[in-house]
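Secondary and tertiary structure notes
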Amino acid sequence: SQVTLTLNSAFRIAPVRRRTFGAFVEHLGRCVYTGIFEPDHPEADADGFRTDVLALTRELGVSSVRYPGGNFVSGYRWEDGVGPVEERPVRHDLAWHSSDPNTVGLDEFMAWAKKAEVEPMYAVNLGTRGVQEALDVLEYANAPAGTCLSDQRVANTGSEESHDIRMWCLGNEMDGPWQIGHKNAEEYARVATETARAMRMEDPDLELIVCGSSNSQMPTFGAWENTVLTEAYDHVDMVSAHVYYSEKDGDQASFLASADDMDHFIDSVVATADHVRAKLKRDKRIMISFDEWNVWYQHRAESRPPSGKDWPVAPVLLEDIYSAMDAVVFGNLLISLLRHSDRVASASLAQLVNVIAPIMTEPGGRAWKQTTFHPFALTSRYAKGDVLQVNIEVPSFENQRFGTSASADAVATWDEDSGDLTVFVVNRDASGALDLGVDLSSAGFGELVLVEAVTLHHEDPYAANSADAPETVTPQPNSSVALQGGRLSGELPAISWTMVRLA
Ligand code: AHR
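The sections below set out a description of the structure shown in this document. Predicted model, so just to flag it, every value in this text is computed and none were measured.

**Details of the sheet that holds strand E21 (residues 434-439)**
A sheet is described by the order of its strands in space; here five strands give the open sequence E16-E1-E21-E25-E24, paired in mixed fashion. Each end of this open sheet is capped by a strand with a single partner; those strands are strand E16 (391-393) and strand E24 (482-484). Strand-to-strand twist across the sheet, computed as the mean angle between neighbouring axes with direction ignored, equals 20°. By the bridge criterion, four bridges tie strand E1 (residues 2-6) to E21 in an arrangement that is parallel. From the neighbouring strand, Leu 5 faces E21, where its bridge partner is Val 438.

The following block contains the structure:
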């Protein structure tokens, strides 16, 4: 079958936003301890951070990192994680039934973020705590020296420099009954609005993110956003969205079409936010912070927290191993996020290391790349300039969840200054290869040459990488892709992700 893409330099959606390429570090499993931080590791630096993980984080092209949770944050006392390490308390983390020695806290995270060259995004606890504790951590992190809490920061870090965190999440997944301190929409709208209002009294320029829905299947989806935004509209900039996909009960076809749900999710939140905008007669638009997204096999045993009397430190949790097919779906989710750059102002892949992560580590040993590392790193590196709308003509395939879905999905970016045009395209149909055809001759890009075409594909869609075989699934040059007489052509194998770079 044929997939025909139509694109034009005039079909611009929005500039590519660096913040689309955020990630997430939660105190969960081995994300922090033996993930980013392992003082005894041979490659640890003087602060205890694994330099191999730092290098991979930079290679991944991560722009911002959300911290410290996640479900964890809804029971977290930020003060436990600052000050002399030997005086910090060990606490039970109820969300993941683990113990946290609090060796890593806000100051350590900020030191790590600087080395990783990422912008921090900090979540406050609105589960067991409220306005005062949010103001306290804001004062500790951002206030200039001279107040009680900012002076503690100066004493603890040995530097007058403020952490100057700009993006703040007002709690985490407060719509979820699993959340510690879960609230209904009205209750959450009150506390989030008052927290935002008070935080803005300290600093009117903070970028504040109010909790939206934990996924589009939540019974309160849509109504939650409506209630929360109706109250919080004037005090926040973004509403969050979270989603995880996996192949369930062998339904490969629905899983391959997951990005259809992400498109629907974003469009629905945009519609709801704009409905509130009309209702309140406001000019400003609320943007989306898609601050948790990924493939996650939630039903598998690795995702189940310990129970009973066992409260381990840094247990193996949520250590999903990703297949070639997972990476194709994942690459498609990035296509969806990019396509919505007009309204998705920030996004965070959940998570960064070990926990449903593109980077895996062995305690004391190697760090290696999962299949999903590659579409993220390449999209982050080569999506530049403006996002272009791509019209796709392609057959569809049937699946249980969506009925029918287009066999291919694509987005493109065009950097007018450098002349770089990059096309990201997936064949998400298991039934066979697609012949790609793109007429670029009169699309306003001028003379183009093909720079490279790479495809991530494996004849076994369930093939995965491991510490011993980290190169099993990696993008390979796609020699079928050619540009002749202004027409781009090539073959896209079944279940594959492809990037074509032209200049
Ligand atoms: O990323 C794993 C968990 O998924 C987060 O802690 C929570 O916010 C979400 O349900």
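On we go.
**A few points about the pattern of salt bridges**
Following the criterion strictly, the structure yields 34 salt bridges and no others. Across the salt bridge formed by Asp 409 and Arg 339, the nearest N and O atoms sit 2.8 Å from each other. Remark: Arg 339 occurs in helix H9 (residues 324-339) and Asp 409 occurs in strand E19 (residues 408-415); sequence separation between them is 70 residues. When sorted by exposure, Asp 409 lands in the same class as Arg 339, which is buried. Asp 420 is the partner of Lys 384 in a salt bridge, and the nearest nitrogen-oxygen pair spans 3.1 Å. Taken together, the positions of Lys 384 in the loop between helix H10 (373-382) and strand E15 (386-388) and Asp 420 in strand E20 (residues 420-427) put the pair 36 residues apart, joining distant regions of the chain. When salt bridges with common partners are traced through the structure, they connect Arg 190, Glu 194, Arg 197 and Glu 231 into a single cluster.

**Some thoughts on the environment of Ala 301**
Relative to the elements of secondary structure, Ala 301 occurs in the loop between strand E11 (287-295) and H9. On the basis of relative accessible area, Ala 301 is assigned to the partly exposed category, the value being 48%. Taking the C-alpha atoms as reference, Ala 301 lies 29 Å from Gly 105; in sequence the two are 196 residues apart.

**Quick word on unusual backbone geometry**
The peptide bond linking Tyr 67 to Pro 68 adopts the cis configuration, its omega dihedral lying at 0°. Take Pro 68: it is sitting in the loop between strand E4 (64-67) and strand E5 (91-93). Each neighbour pair has its own omega, and for Ala 350 with Gln 351 the value is 0°, a cis peptide bond. By the element assignment, Gln 351 lies in the loop between strand E12 (344-349) and strand E13 (359-361). Here the phi dihedral of Glu 117 falls at roughly 60°; this positive angle occurs in a residue that is not glycine.

Definitions and limits used
- Residues numbered from 1 in each chain as written.
- Predicted model: local features only at pLDDT ≥ 70, side-chain atom pairs only at ≥ 80, totals over all residues.
- Heavy atoms only, no water.
- Pairing = 2+ DSSP bridges.
- Helix = DSSP H or I, 4+ residues; strand = E, 2+ residues; numbered from the N terminus.
- Axes fitted to C-alpha atoms, helices over the stretch in contact; angles between N-to-C directions.
- Salt bridge = Lys/Arg side-chain N within 4 Å of Asp/Glu carboxyl O.
- Buried < 20%, exposed > 50% of the residue type's maximum accessible area, 1.4 Å probe, protein only.

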